[in-house]
Amino acid sequence: MSQSVGVVVPAYRPDPERLVPYVRDLVEALDPTVVRVELDAPRTETLSALDALPDVAIVNAVDARRGKGSAITAGFEALDTDILAFADADGSTPASSIAAVVSAVRDGADLGVGSRRHPEATIASHQTIARRYLGDGFAWLARRLLDVPLYDYQCGSKAIHAAAWADVREHLYEPGFAWDIELVAVSGAFGHRVAEIPVVWEDAPNSTVSPIETTFKMGRGLLRSRHRARTIRQDRLHELIAARRDQHALIDEFSEATDD
């Protein structure tokens, strides 16, 4: 039996002329049950332009800027499909590569991770030198701190089986860009099968990401992700640290909103 697929596209001030055709490509490549565009702080003209999205697409617009991690988590929680995938709104990873990541989960992986730094990846256009070196340095450090050795932790294309999502969802705390690496770290702590898939990558020159500020935040997020993974593995020291902290997982926000 074919496994159903739901796709989340987190978006903050996206370019509709890029996003609309990208969603159409995703629909054609993946035949998903639904594509959820999780849209933060939208402009009125953006909402109007997204009326051109295909019928299978849903736009969930939120007035505030939630952050990438919060937006994806909200989207995943709303899905009722066998496989949950996400793709960044800038379209840097083409739909065909997203399909390859989803196929890895269909073939038995619990988590499929797209990789632009994989030796077999195809780079259609490069990032700036500064962003490339910062990204390479971060990946190098992550490989040494986490138990899941990958070439790339931050590529905006991942897919997870619904059963694996049920394991990790209560252990995700990062609302921003560090969510990607936290997902990998937590999934690894559960012993999930993680498959790294080389993708085609075309850098989006008009990204809203500040490379230096984001890298510092990512570094802190990496250390927190390592801590949470070690806590799940019942490392005594990390369990003691966790017991002293008052933490709220991302899904707690949705429970509180429902209770209100």
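Heads up: the structure comes first, above all this text.
All values reported here derive from a predicted model rather than from experimental measurement.

A.B. asks: Quick question: what am I supposed to make of the pattern of salt bridges here?
C.D. replies: Enumeration over the complete set of coordinates arrives at 17 salt bridges. Note that D147 is salt-bridged to R233, the shortest N-O span being 3.3 Å. Here D147, found in the loop between α5 (129–145) and β7 (157–161), pairs with R233, found in the loop between α8 (211–232) and α9 (236–243); they are 86 residues apart in sequence, far enough to count as distant. Taking the relative accessible area as the measure of exposure, R233 reaches 42% and is therefore partly exposed. For R169, the salt bridge identified is with E170, shortest N-O distance 3.9 Å. Since its relative accessible area comes to 23%, R169 is described here as partly exposed. Owing to a relative accessible area of 48%, E170 belongs among the partly exposed residues under this scheme. When salt bridges that share partners are traced, they join R36, E38, D40 and R66 into one network.

A.B. asks: Honestly, helix α4 (residues 95–106) in this entry has me stumped. Any pointers?
C.D. replies: End to end, α4 covers 16 Å across 12 residues, agreeing with the expected 16 Å (1.5 Å per residue, within 8%). Those residues of α4 not exposed but buried are A95, S97, I98, A99, V101, V102, A104 and V105. Immediately downstream of α4, the backbone of G108 shows phi near 130 degrees, a positive value.

What counts, and where the lines are drawn
Residues numbered from 1 in each chain as written. Predicted model: local features only at pLDDT ≥ 70, side-chain atom pairs only at ≥ 80, totals over all residues. Heavy atoms only, no water. Salt bridge = Lys/Arg side-chain N within 4 Å of Asp/Glu carboxyl O. Helix = DSSP H or I, 4+ residues; strand = E, 2+ residues; numbered from the N terminus. Buried < 20%, exposed > 50% of the residue type's maximum accessible area, 1.4 Å probe, protein only. Expected span 1.5 Å × (residues − 1).

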